[in-house]
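# Structural description and commentary
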Amino acid sequence: MDRKQQHIAIFTTASLPWLTGTAVNPLFRAAYLAKDGERRVTLVIPWLSLIDQQLVYPENITFTSPKQHETYVRRWLEERTGFTSTFDIRFYPGKFAIDKRSILAVGDISEVIPDEVADVAVLEEPEHLTWFHHGKRWKTKFRYVVGIVHTNYLEYVKREKNGRLQAFLLKYANSWLVDIYCHKVIRLSAATQEYANSIICNVHGVNPKFLEIGNKKKEQQQNGTHAFAKGAYYIGKMVWSKGYKELLELLDDHQKELAGLEVDLYGNGEDFNQIQEAAEKLQIVVRVYPGRDHADPIFHDYKVFLNPSTTDVVCTTTAEALAMGKIVVCANHPSNDFFKQFPNCRTYDDRNGFVEATLKALAEEPALPTEAQRHQLSWESATERFLQVAELDQAVVKKPSKSPSKHFASTSLNLKKNMEEASAYVHFLASGFETSRRAVGAIPGSLHPDEQLCKELGLVTPMSKQGSKNVGSKK
């Protein structure tokens, strides 16, 4: 298959204006994969009915039609990349699960891509997209399926009631489903669940605006201007699990050693008031502010980004801070392995190490990043890494050989294929009954899209559906 005829369909679990990683990063991935015009790219994102939009999207932003939603997404992207993207956008029906704080697919979302153009599928969060999948097997529908693991769901589940048991069961369920549905698995860092035949590679970049800010700061430093007039800060969703607990404990335990330090915290979230109250009890000055876009000018002059969080897989704000030329102080943790190549990344192993790294960072000026280092943070570089590790940079997408050289190898391949098909059939059966779906956490009534979703997306209703090939297509 010639590369110029390649059609890559990217399925993800969230969409703007929800500024979560699985909304933003697949959007940039689609833009940069399509930028050179060598391949056709389609981004497939969830469409939510109004009641769910009001639960998920910030600042009371809602959409009356998929076309209006698409216009918003494209405008947001173009403002940040500076170029007009050529990829297609399609929508699949979704519902918001309040208990999971996640959007879950409704029905067989693989039908969004017509069979005749189904080629390469990229599943952003493959476990999430396949937990309740009931329909055509992804490996049958598409020639090649790549999964990108964004989230360590095991860590989130462990915090719930009977968390260890749930995590144990989820681990094997995830492994089973990802093996059934994906040919290749990319883990953003070693902080994710391990999967058979997976590869670790950070295939994300940063919004180009952050590199532009960093370039201006670099010019100021080279001209002898005081580029970073402010001290330390942290930005992130304001919930205890996103590093705030660790940071406030570190500051509390070392108030004497860090005397004179001032830290500004920015974020929105359900723990905002509690975090603000805890910060006010410290002798160190810690100011708590509502969240802002990290590219906001208010952040440009900070010199040190403090990020003790170990719950991220690859922290986007850390990458953004490095791109802006700041010094980052972060934990020596697998989620930060990618950042260790940059001289402005300072890692620590323990509490004393945090104090030492923080004081040193405040006393020094950030190193001037090289063009090669800046490129490593870009989406151009991330796209190159993705194409390479996904093996999509080759002229032909590899398929399993139909004539193995040895009879034993042929028998083994056939046995594995038969077991995989049997497993897929078991999952198909189990996911086809409302009782079994609800028993494992599916949203009630999510086997097929309801009448409202069908009307908004222009789909045939479940009652009248007769193998229609128009699912998810635009009007």
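Residues numbered from 1 in each chain as written. Predicted model: local features only at pLDDT ≥ 70, side-chain atom pairs only at ≥ 80, totals over all residues. Heavy atoms only, no water.

Let's shift gears to unusual backbone geometry. Looking along the chain, the bond that leaves Leu16 and enters Pro17 is cis, with omega of 10°. Note that Pro17 resides in the loop between β1 (7-11) and α1 (21-34). Its identity is not glycine, yet Glu59 carries a phi of approximately 55°, on the positive side. Note that Glu59 resides in the loop between α2 (50-56) and α3 (66-81). Classification of Glu59 as exposed rests on a relative accessible area of 72%. Despite not being glycine, Glu125 shows a phi value in the positive range, around 70°. Looking at the element boundaries, Glu125 is found in the loop between β5 (120-124) and α4 (126-130). (Helix = DSSP H or I, 4+ residues; strand = E, 2+ residues; numbered from the N terminus. Buried < 20%, exposed > 50% of the residue type's maximum accessible area, 1.4 Å probe, protein only.)

Overall, the coordinates contain 25 aromatic pairs when judged by the stated rule. Seen from their ring centres, Phe299 and Tyr302 are 6.3 Å apart, and the 35° between their planes marks the pair as tilted. Like Tyr302, Phe299 is buried. Cluster of aromatic residues (ring-pair linked, three or more members): Tyr233, Tyr234, Tyr244, Tyr266, Tyr289, Phe299, Tyr302 and Phe305. Lying over the aromatic face of Phe87, Arg74 brings its terminal NZ or CZ to 5.1 Å of the ring centre. (Phe/Tyr/Trp six-rings, centres within 6.5 Å; stacked < 30°, edge-to-face > 60°. Lys NZ or Arg CZ within 6 Å of the ring centre and 35° of its normal.)

Attention now goes to helix α8 (residues 208-222). Taking 1.5 Å of rise per residue, 15 residues should cover 21 Å, and α8 covers 21 Å from first to last C-alpha, within 8% of that figure. Looking at α8, one finds that the buried residues are Pro208, Phe210, Leu211, Ile213, Gly214, Lys217, Lys218 and Gln221. On its buried face, α8 is in contact with α1, α3, α11 (316-323) and α13 (371-376). Sitting at the amino-terminal end of α8 is Asn207, which places a side-chain oxygen 2.9 Å from the backbone nitrogen of Lys209. Two residues or fewer past α8, Gly224 is found with a positive phi of approximately 80°. (Expected span 1.5 Å × (residues − 1). Contact = heavy atoms within 4.5 Å. Polar contact = N/O pair within 3.5 Å; in protein donor to acceptor, adjacent residues only side chain to side chain.)

Now for the confidence of the model for the chain. A low pLDDT means the predicted coordinates there should not be read in detail. Overall, the predicted model of the chain reaches an average pLDDT of 88, with 91% of residues at or above 70. Every residue in residues 396-409 is under pLDDT 50, and counting partners more than four places away or in other chains gives 10 contacts. Across residues 466-475, where pLDDT falls below 50, the model places 17 contacts with residues more than four positions away in sequence or in other chains. (pLDDT = per-residue confidence, 0-100.)

So, about a nonpolar patch on the surface. On the surface, Leu165, Phe168, Leu169 and Tyr172 cluster together into a nonpolar patch covering about 460 Å² of accessible area. Note on placement: Leu165 falls in helix α7 (residues 163-181). (Patch = residues over 30% accessible without salt bridge, like charges linked within 9 Å, V, L, I, M, F, W, Y side chains within 5 Å. Areas by Shrake-Rupley, 256 points an atom, 1.4 Å probe, with all protein chains shown as cover. Salt bridge = Lys/Arg side-chain N within 4 Å of Asp/Glu carboxyl O.)

Our focus in this paragraph is the pattern of salt bridges. Counting across every chain of the model gives 25 salt bridges. For Glu249, the salt bridge goes to Lys245, with nearest N and O atoms at 3.0 Å. With Glu249 and Lys245 both in helix α9 (residues 244-253) and four residues apart, this pair spans about one turn of that helix. A residue is classified by how much of its surface remains accessible, and Lys245, at 44% relative accessible area, is partly exposed. Glu364 is the salt-bridge partner of Arg346, the closest N and O atoms lying 3.1 Å from each other.

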